[in-house]
Amino acid sequence: MYNNLQIGVTENLTSSGDFEMSSQRVKIVEGGKLVIPAAFRRELGINPGDTVIVEMAEGELRVRSIPSAIRRAQELVKQFNPDGRSMVDELIADRRAEAERE
């Protein structure tokens with residue numbers, strides 16, 4: 001049924017000598033469904049039944065795995081905590097101090 005989706009593949013040789021797929025043409029099928037090519041799913045660690053994050057950014061549709069989205073969120077939060085303090089420990093200490101004052 002989906003054999004006609006894989007029309008063309010562009011591959012690039014990375015500096016490590018591995019091939020990296022950079023783009024592939026696919027068709028949108030009935031119901032707006034898009035089949036993500038198997039090589040891309042493997043690269044992203046996406047399996048049938050997994051939930052993914054889909055976002056529009058700069059006029060592009062981007063698909064990320066949940067672990068990838070979590071890593072990205074952690075990177076963003078690190079910008080506000082460059083010295084690596086434990087925010088959890090600080091919150092607990094604040095709550096204990098607050099409780100003692102009451």
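Residues numbered from 1 in each chain as written. Predicted model: local features only at pLDDT ≥ 70, side-chain atom pairs only at ≥ 80, totals over all residues. Heavy atoms only, no water.

Student: Please explain the overall build of the protein as it appears in this structure.
Tutor: Looking only at helices and strands, the protein features 3 helices and 6 strands. Along the protein, helices (α) and strands (β) appear in the sequence β-β-β-β-α-β-β-α-α when read from the amino end. Counting across all 102 residues of the protein, residues that qualify as buried make up 8%. Partitioning the intrachain contacts of the protein with sequence separation of at least 6 by distance along the chain shows that 9% fall at a separation of at least 24. About 8800 Å² of surface is accessible on the protein, with carbon and sulfur atoms providing 52% of the total. (Helix = DSSP H or I, 4+ residues; strand = E, 2+ residues; numbered from the N terminus. Buried < 20%, exposed > 50% of the residue type's maximum accessible area, 1.4 Å probe, protein only. Contact = heavy atoms within 4.5 Å. Areas by Shrake-Rupley, 256 points an atom, 1.4 Å probe, with all protein chains shown as cover.)

Student: How should I be thinking about unusual backbone geometry in this particular structure?
Tutor: Comment: phi is negative for the bulk of residues other than glycine, and the bulk of peptide bonds are trans. Its identity is not glycine, yet Glu-58 carries a phi of approximately 55°, on the positive side. Tracing the backbone through its elements, the reader meets Glu-58 in the loop between strand S5 (52–57) and strand S6 (60–65). Here Glu-58 falls in the exposed class, since its relative accessible area comes to 74%.

Student: Please explain the side chain of Ser-65 as it appears in this structure.
Tutor: On the secondary structure map, Ser-65 appears in strand S6. Judged by relative accessible area, Ser-65 falls into the buried class, the value being 5%. Within polar-contact distance, the side chain of Ser-65 engages the backbone nitrogen of Ser-68 at 3.2 Å. Residues contacting Ser-65, with those up to four places away along its chain left out, are Leu-44 and Ile-46. (Polar contact = N/O pair within 3.5 Å; in protein donor to acceptor, adjacent residues only side chain to side chain.)

Student: Where do I start with the confidence of the model for the protein in this structure?
Tutor: Reading fine detail from the predicted coordinates is not recommended where pLDDT is low. Mean pLDDT over the protein stands at 81; residues scoring 70 or higher make up 79%. Looking at the elements of the protein, mean pLDDT is at its lowest for strand S1 (residues 9–13), recorded as 44, and at its highest for helix H3 (residues 87–101), recorded as 93. Between residues 1–13, whose pLDDT stays under 50, and residues either more than four places distant or in other chains, the model counts 32 contacts. (pLDDT = per-residue confidence, 0-100.)

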